[in-house]
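Commentary on secondary and tertiary structure
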Amino acid sequence: RQLDIYNLVNTFFVFSPTTGDLLVSTRENTYYYERVQTVKQFIGENSKTRPNDNSNGNWLIMKVPNGDHYLMKINKDLGAGLSGGILIKMSSMVEPLSKWDTGEGGGATVVSPDGTTLANNYFPLQRYQKISDQIAPKDSGFQIVKDKELEQQFLIVREASSHADLELELIIAEKNMLQNL
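As a starting point, this report considers the structure included with it. Quick caveat: nothing in here was measured; it's all calculated off a predicted structure.

Turning our attention to the sheet that holds strand S7 (residues 117–119). Spatial ordering of the open sheet is given by S7-S6-S10-S9-S8, a layout of 5 strands whose pairing is antiparallel. A strand with exactly one partner marks an edge of an open sheet, and here the two such strands are S7 and strand S8 (141–147). Strand-to-strand twist across the sheet, computed as the mean angle between neighbouring axes with direction ignored, equals 35 degrees. Relative to strand S10 (residues 167–173), strand S9 (residues 152–160) runs antiparallel, the two sharing 7 bridges. Across the sheet, Val 157 pairs through a bridge with Leu 170, a residue of S10.

What follows is the structure in structure tokens.
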């Protein structure tokens, strides 16, 4: 099932490369200044070098100074010399998966293809690092891994995104899978 991406969007932005004007709209006003700084960083790094992203592809993963990761997209031709884009915080991508009953010690995360954790709000980074060496590098599928410290096994269900260089993972405790047998 596809995630409804419009409910996940944290921030929209419109800017004028000629005048430097920037309009930022975010759902989370508490983080407004942080989002403006993130957009400015993104524009500075990508406005001239990235291709026009008016297709469904070309999403960029960006790490900001506080350690958070964002999924970002830019469209350079909105008309009238304006460009625009959107930001999705990686933890927002994982949040719908966190509603699943993954059992004690289970959770959800999003990782880059090289195994770098991009959001650890719903599964502790230290625990993921202990099991990540057992996860075979592939785009999608499932496999069993064992947390040797806790003596627990987990089912890893992984699905690669077709629009960005990331993979969503659901980590389900074995005890939870077997509880109704």
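Further notes follow.
This part covers the packing of aromatic side chains. The tally for this structure, following the rule as stated, stands at 3 aromatic pairs. Ring plane angle 75 degrees and centroid distance 6.1 Å describe the contact between Phe 13 and Phe 42, whose orientation is recorded as edge-to-face. On the criterion of sequence distance, the pair formed by Phe 13 in strand S1 (residues 11–15) and Phe 42 in helix H2 (residues 32–46) is long-range, its members being 29 residues apart. On the accessibility criterion, Phe 13 (2% relative accessible area) is buried. Assessed through its relative accessible area of 0%, Phe 42 is described here as buried.

So, on to the side chain of Thr 109. With respect to the secondary-structure elements, Thr 109 resides in strand S6 (residues 107–111). Separated by 2.6 Å, the side chain of Thr 109 and the backbone oxygen of Ala 119 make a polar contact. With near-sequence residues (within four places) excluded, Thr 109 lies in contact with Val 94, Thr 117, Ala 119, Tyr 128, Glu 167, Leu 168, Glu 169 and Ile 171.

Formed by 20 residues in total, the largest nonpolar core has its most connected members in Trp 59, Leu 71, Ile 88, Met 90, Met 93, Val 110 and Leu 166. Those elements that provide at least two residues to this core are strand S5 (82–89), helix H3 (90–94), S6, S7 and S10. The contact partners of Leu 71, leaving out residues within four places of it in the chain, are Trp 59, Leu 60, Ile 61, Ile 86, Leu 87, Ile 88, Met 90, Met 93, Ala 164 and Leu 166. Formed by 13 residues, the second largest nonpolar core is a distinct cluster that contains Val 36, Val 64, Tyr 70 and Leu 87.

With that settled, consider the pattern of salt bridges. Side-chain pairs of opposite charge can arise where the charged atoms are in close proximity. Applying the stated criterion across every chain, the model contains 8 salt bridges. Note that Lys 146 and Glu 151 form a salt bridge whose closest N and O atoms lie 3.3 Å from each other. The partly exposed category is assigned to Lys 146, whose relative accessible area is 32%. Given the relative accessible area of 56%, Glu 151 is considered exposed.

When S1 meets strand S2 (residues 22–26), the two strands line up antiparallel, connected through 5 bridges. Bridge pairing links Val 14 to Leu 23 in S2. Following S1, the chain reverses through 6 residues before pairing antiparallel with S2; Gly 20 in that reversal takes a positive phi of roughly 80 degrees.

Despite not being glycine, Ala 80 has its phi angle at roughly 55 degrees, a positive value. For Ala 80, the location among the structural elements is in the loop between strand S4 (69–79) and S5. Positive phi is not limited to glycine here, since Glu 151 has a value of about 55 degrees. Residue position: Glu 151 is located in the loop between S8 and S9.

Criteria and thresholds
- Residues numbered from 1 in each chain as written.
- Predicted model: local features only at pLDDT ≥ 70, side-chain atom pairs only at ≥ 80, totals over all residues.
- Heavy atoms only, no water.
- Pairing = 2+ DSSP bridges.
- Helix = DSSP H or I, 4+ residues; strand = E, 2+ residues; numbered from the N terminus.
- Axes fitted to C-alpha atoms, helices over the stretch in contact; angles between N-to-C directions.
- Phe/Tyr/Trp six-rings, centres within 6.5 Å; stacked < 30°, edge-to-face > 60°.
- Buried < 20%, exposed > 50% of the residue type's maximum accessible area, 1.4 Å probe, protein only.
- Polar contact = N/O pair within 3.5 Å; in protein donor to acceptor, adjacent residues only side chain to side chain.
- Contact = heavy atoms within 4.5 Å.
- Core = buried A, V, L, I, M, F, W, Y, C linked by side-chain atoms within 4.5 Å.
- Salt bridge = Lys/Arg side-chain N within 4 Å of Asp/Glu carboxyl O.

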